[in-house]
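What the coordinates show
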Amino acid sequence: MIFAIEEINKNPNILPNHTLGYEIFNACGFSNILRSALSLSNGQDPIFDELNCTKANTVQAIIGHSGSTPTIGFARITGLFHIPVISHFATCACLSNRKEFPSFFRTIPSDYYQSRALVQLVKHFGWTWVGALSNDNDYGKNGIATFIKAAQEEGVCIEYSEAFESTGSKTSLTNIVDIIRTSTSKVIMAFMSHREIKILVDELYRQNITGLQWIGSDAWITDDSLVDSQGHTLLIGSIGFTVRNAQIPGLGPFLQDVNPSQFPKSMFLKEFWENVFQCSLSPNTTQRSCNGSEHLKYVKHPFTDMSDLRYANNVYKAVYAISHALDNLLSCKQQKGPFANATCAQPTTVQPWQILHYLQTVNFTMNGGETLFFDSKGDSPARYELVNLQKVTKGTMEVVTIGYYDATQPRGQQFTMKNVNIIWRGGLRTVPVSVCSESCLLGTRRVVQKGRPICCFDCIPCPPGEISNTTDSSDCVKCPYGYWSNSRGDECVKKTVEFLSFTEFMGIVLMMFGLVGAFLTMFIFVVFFHYKDTPIVKANNSELSFLLLFSLTLCFLCSLTFIGRPTEWSCMLRHTAFGITFVLCISCVLGKTIVVLMAFKATLPGRNVMKWFGPLQQRISVVGFTLVQVLICFLWLTISPPSPYMNMSYYREKIIIECRLGSAVSFWAVLGYIGLLAVLCFILAFLARKLPDNFNEAKFITFSMLIFCAVWIAFIPAYLSTPGKFTVAVEIFAILASSYSLLICIFIPKCYVILLRPGANTKKHLLGKMPH
């Protein structure tokens, strides 16, 4: 402060023709501070010197104090007199209250910003479970309260929050040590002074409690007295914010030239001098005497160490802030002043309350390029350095800057890290972990444990169809339409599309059975055509037999339309072709059955019924029965035709591409009509099964229709209960089974006779005139 005042007094650009004076109160103790503040507020005693200077009636501004609680005490008093108070180290956010402290300013940032910066620091390293300790005073309580509030906003949980004072009872310290020992958090935020932190780590060291990562406030993180602590090794790896370091040109030589003769009334300088040089400035028999001719230039002492001027620079800036405010006041021009009618205060009537107006608008740049101004609450810009205590030994303390925090920057750009290797707790190189619960992996979400903070949670897998693709996700997100969660639950993938394909095993097997059936039917067609003039072919109505073989070929081939990806045309074709070909097939069988019955009736005397069911009538009946089915299918395709449909409701994890029936009534009408003809055919064949004939075709028709009806009766429940592509497989199986039953039961016995027993393929044998 003295250096800055002398520097300003020598500077012709600031306060020309004016000289700054000062008075220092070495007030140790709260009551002394209040007494000093009252003394300054009451005005100065008249002092006459040889310069006959014009002196202000009252002090123009006060610089100090370093502690928040003492500053709160006297700032209320000085505020009543509108005397500006500028502190270099009182950081309590409570001092920003303009109603209580209308004349308070400071060149150190408010703890409001430091607390939030500390939360950003904790969040940056992923520490969500921390302990909090503080001084049991205004500084500690307000700072830790702001820290806890900001931590809750950022999702950081506080396991415990305790406060104590160095002057407090031993019991409070013991309780805090017990809490630290039993806690699960490994990171401790210590918002306290160097006195309390030394007492605490000494006790932790005594009880061998290690492995803690300390986060420090600016009150202790760079304090040199930490090296005197017995448990100083526990603080290795501590990190915290402190005000930015600075260089003050000329301060080093100034301090080296300090001499007791300059300040003969200073008890501080007298004790300091005797301690440094191990001598006595007053006659003393036990120590050698000294006269002040010694020089600090030849002594290595923290007093003359210029490497760390963080807080000295705040004092330096405070003096310059007052001088610039006074300079602006004294150089004010009328019609541009801050008072009523834009007037200025007269230089001869300068009062502290006038300086307040100019301090609120002061804005200047220091020699090092730093800009200083005060906001509406009297706070200066919040800029911090993040430091790391990399080495703490007896007598030395190595502090390295590892990052910066600038509250004036936009959110998200305030906190930056340097590319510097950080030493963590106990000298480790790995970042410590301090969480209540381990992070939830991808595919899981957090569920808060009942009765515990939000940082204590269980991880449960996302339900099917939902994912979480970030760690520690609080919710699972539903997959979009047409997508489903993978097995890990961390990614939405397209649902697998299911339909009966030509390339899968089941599709290949069914296709082979269909093709084999079609080739077998065509082979039988060729055999019958080759032996069309033989009695067994003629006797079994060769025209209907050829038509039946043709329709059976179509039945086998129509089963192939059910395999493959459903399309508009395949959906319409598969059901209509199936319905029409099967009616054609059953109509032929029904015609053959009626022919057998009519042939027997024609052998009775006086009966000539065959004229009513000759070849023409047979053709008309087959065409008529088939046209009815064609009409049903036409109405089906016209009113509500089958169409491809992506069924996502049956299976959640896959899409079934199937043919939607369109009109269910039409579908069951098609099946019902086939069933009606099949039942009618079965009844007629059953009636003709025992007619006297050496080769009674009705027996084989009865058996084939029995299988046919059994297959389609079993088909209905299987069709209704089978999902996905298996529904199609059941339908194909029913078509193939019924087609094979007709082919095998009606035509295979005849082929056996034609090809393997040609002797039985004669008219005599057919009429029963040949012995067996």
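Below you will find a few notes about this structure. Just so it is clear, the structure is predicted and the values come from calculations on it, not from any experiment. Residue indices begin from 1 for each chain and proceed along its sequence in written order. Two thresholds apply to this predicted model, a pLDDT of at least 70 for residue-level local features and 80 or more for giving and counting side-chain atom pairs, whereas whole-chain, interface and lining totals are computed over all residues. Hydrogens and waters are ignored; side-chain quantities use all the structure's heavy atoms.

1. A short note on the overall build of the protein
In this text, helices come from DSSP runs of H or I with a minimum length of four residues, and strands from runs of E with a minimum of two, each type numbered from the N-terminal end. Along the backbone of the protein there are 20 helices and 22 strands. For a compact globule the rule gives 2.2 Å times the number of residues to the power 0.38, and the radius of gyration it is set against comes from C-alpha atoms. For the protein, whose C-alpha radius of gyration is 52 Å, the value lies well above the compact-globule estimate of 28 Å for 772 residues. Dimensions along the principal axes, computed over C-alpha positions, put the protein at roughly 170 × 65 × 40 Å. Of the contacts formed within the protein by residues at least 6 apart in sequence, a portion of 65% connects residues at least 24 apart. All accessible areas in this document rest on Shrake-Rupley with a 1.4 Å probe, and a residue is counted as covered only by the protein chains that are shown. Of the accessible surface of the protein, which amounts to about 38500 Å², a share of 59% is contributed by carbon and sulfur atoms. Between the mean site of the 64 positive side-chain charges and the mean site of the 53 negative ones, the protein shows a separation of 20 Å. Here a residue-residue contact requires only that any non-hydrogen atoms of the pair lie within 4.5 Å. Positive residues here are Lys and Arg, negative ones are Asp and Glu, while His and the chain termini are left out of the count. Working definition for charges: the position is that of NZ of Lys, CZ of Arg, CG of Asp or CD of Glu.

2. Observations regarding helix α14 (residues 542-558)
Helix span, as expected, comes to 1.5 Å for every residue beyond the first. Under the 1.5 Å per step criterion, the end-to-end length of α14 is 24 Å for 17 residues, consistent within 8% with the ideal 24 Å. The classification of residues rests on relative accessible area computed with a 1.4 Å probe and restricted to protein chains. Under 20% of the type maximum is buried, over 50% is exposed, and intermediate values are partly exposed. Every buried residue belonging to α14 is among L544, S545, F546, L548, L549, S551, L552, T553, C555, F556 and C558, and all of these are buried.

3. Details of helix α3 (residues 68-80)
In this model α3 runs 18 Å from its N-terminal to its C-terminal C-alpha over 13 residues, within 8% of the 18 Å that 1.5 Å per residue would give. What is called the bend at a residue is the angle between a pair of axes, fitted to the seven residues leading up to and ending at it and to the seven starting from it. Of all bends in α3, the biggest is about 25°, found at F74. Along α3, the residues classified as buried are S68, P70, T71, I72, G73, F74, A75, T78 and G79. Taken from the residues just after α3, H82 is the one with a positive phi, measuring 60°.

4. Considering a nonpolar patch on the surface
Together, F523, Y752, L755 and L756 give the surface a local cluster of nonpolar side chains, amounting to about 430 Å² of exposed area. A total of three residues in the nonpolar patch trace back to one element, the largest contributor, which is helix α19 (residues 725-756). Topologically, L755 is positioned in helix α19. With relative accessibility at 40%, the residue L755 sits in the partly exposed group. In this analysis, a patch consists of residues with relative accessible area above 30% that form no salt bridge, clustered at 9 Å for like charges and at 5 Å for the nonpolar side chains Val, Leu, Ile, Met, Phe, Trp and Tyr. Salt bridge criterion: a side-chain nitrogen from Lys or Arg within 4 Å of a carboxyl oxygen from Asp or Glu.

5. Thoughts on the packing of helix α12 (residues 505-530) against α19
Packed helix pairs are characterised by how far apart their axes lie and by the angle those axes make with each other. Simply put, an axis is a line fit to the C-alpha atoms, just over the touching stretch for a helix, and the angle between two N-to-C directions goes from 0 to 180 degrees. Where α12 meets α19, the closest approach of the two axes is 10 Å, and the angle between their N-to-C directions is 25°. As summarised for this structure, α12 and α19 are arranged roughly parallel, according to the angle between their axes. Regarding α12 and α19, the two cross each other, and that crossing is left-handed. Classifying every residue of the contact of α12 with α19 by side-chain character gives 20 nonpolar, three polar and two charged. Roughly parallel covers angles under 35 degrees, roughly antiparallel covers those over 145, roughly perpendicular covers 65 to 115, and oblique covers all other angles. A crossing counts as left-handed when the near helix is turned anticlockwise from the far one by less than a right angle, and as right-handed when that turn is clockwise. Think of it as three bins: nonpolar holds Ala, Val, Leu, Ile, Met, Phe, Trp, Tyr, Cys and Pro, charged holds Asp, Glu, Lys and Arg, and polar takes everything else, Gly as well.

6. Quick word on the state of the cysteines
Disulfides are defined in this document as cysteine sulfur pairs within 2.5 Å. According to the stated counting rule, one finds eight disulfides in the structure shown. One disulfide in the model links C92 with C94; its S-S distance is 2.3 Å. Looking down the S-S bond of the C92 and C94 bridge, the torsion is 130°, so its handedness is right-handed. A disulfide bridge connects C157 with C455, and the sulfur atoms are separated by 2.0 Å. Torsion about the S-S bond of the C157 and C455 cystine: about 90°, corresponding to right-handed handedness. In this pair, C157 sits in strand β5 (residues 157-164) while C455 sits in the loop between β14 (444-448) and β15 (457-461), placing the two residues 298 residues apart along the sequence. Each member of the pair, C157 as well as C455, carries the same accessibility label: buried. Counting only cysteine sulfurs, C585 is the nearest neighbor of C555, a cysteine outside any disulfide, at a range of 4.8 Å.

7. Quick notes on the nonpolar core
Only buried Ala, Val, Leu, Ile, Met, Phe, Trp, Tyr and Cys residues count toward a nonpolar core, and they belong to the same one when joined by side-chain atoms within 4.5 Å. Formed by 72 residues in total, the largest nonpolar core has its most connected members in F578, M705, F708, W712, L742 and F747. Among the elements of the structure, α12, α13 (535-539), α14, α15 (568-602), α16 (615-639), α17 (664-687), α18 (697-721) and α19 are those that each provide at least two residues to this core. When residues of this core are assigned to their parent elements, the largest contribution, 16 residues, is made by α19. For L742, the residues in contact, after removing those within four places along its chain, are L552, C585, I586, V589, S704, M705, F708 and F747.

8. Details of the environment of Y531
Residue position: Y531 is located in the loop between α12 and α13. Separated by 257 residues in the primary sequence, Y531 and E274 have C-alpha atoms spaced 140 Å apart.

9. Some words on the sheet that holds strand β4 (residues 129-135)
Within the open sheet, the eight strands sit side by side as β5-β4-β6-β7-β8-β11-β12-β13. Their pairing is mixed. Every other strand in the sheet has two partners, leaving β5 and β13 (415-417) as the edge strands with one partner each. Mean inter-strand twist for the sheet, computed between neighbouring axes without regard to direction, equals 30°. Here a strand pair is declared whenever DSSP counts at least two bridges between the two strands. Pairing of strand β11 (residues 383-393) with strand β12 (residues 396-406) involves ten bridges; the strand directions are antiparallel. If you follow L389 over to β12, its bridge partner there is V399. Of the strands in this sheet, β4, β5 and β6 (187-191) are in contact with helix α5 (residues 138-153), which crosses β4 at around 160°.

10. Quick word on the environment of V258
You can see V258 is positioned in the loop between α8 (251-256) and α9 (267-277). Judged by its relative accessible area of 9%, V258 falls in the buried class. Considered as a pair, V258 and V493 are 235 residues apart in the sequence and their alpha carbons are 77 Å apart.

11. Looking at the pattern of salt bridges
Enumeration according to the criterion identifies 15 salt bridges in this entry. The partner of E154 in a salt bridge is K123, and the shortest N-O contact between them spans 2.7 Å. Taken together, the residues E154 in the loop between α5 and β5 and K123 in helix α4 (residues 111-124) connect sequence positions 31 residues apart. The partly exposed category is assigned to K123, whose relative accessible area is 43%. Close ionic contact of E385 with R310 constitutes a salt bridge, the shortest N to O distance being 2.8 Å. Of this pair, E385 sits in strand β11 while R310 is found in helix α10 (residues 310-330), placing the two residues 75 residues apart along the sequence. Of the two residues, E385 and R310, neither departs from the other in class, the shared state being buried.

12. What about the side chain of D406?
Looking at the element boundaries, D406 is found in strand β12. N or O atoms within 3.5 Å of each other form a polar contact, as long as, within protein, one can give a hydrogen and the other can take it, and as long as residues adjacent in sequence are counted only when both atoms are side-chain atoms. Side-chain polar atoms of D406 contact the side chain of T408, separated by 2.5 Å. In this structure D406 touches R244, A382, R383 and Q414, once residues within four positions along its chain are discounted.

13. Topic: the pairing of strand β21 (residues 643-647)
Sheet faces and side chains relate simply in a regular strand, where the side chains alternate between the two faces. Bridge analysis of β21 against strand β22 (residues 654-660) gives five bridges, and the strand direction is antiparallel. Looking at the pairing, M646 lines up with I657 of β22.

14. Thoughts on the packing of aromatic side chains
Here is the rule: rings of Phe, Tyr and Trp (six-membered ring for Trp) pair when centre to centre is within 6.5 Å. Planes less than 30 degrees apart are stacked, more than 60 are edge-to-face, and the remainder are tilted. A full pass over the atoms with the stated rule returns 25 aromatic pairs. Considering the side-chain rings of F272 and F303, the 4.7 Å spacing of their centres and the 50° angle between planes classify their relative orientation as tilted. With a gap of 31 residues between them, F272 in helix α9 and F303 in the loop between α9 and α10 connect regions that are remote in the sequence. Looking at F272, the relative accessible area reads 10%, which means it is buried. Aromatic rings pair up to connect F3, F254, Y316 and Y320 into one cluster. Only when the NZ atom of a Lys or the CZ atom of an Arg is both within 6 Å of the ring centre and within 35 degrees of the ring normal do we say a charge sits over the ring. Taking NZ or CZ as reference, K532 lies 4.6 Å from the ring centre of F529, over its face. For K750, the ring lying beneath its charged end belongs to F747, and the centroid distance is 5.5 Å.

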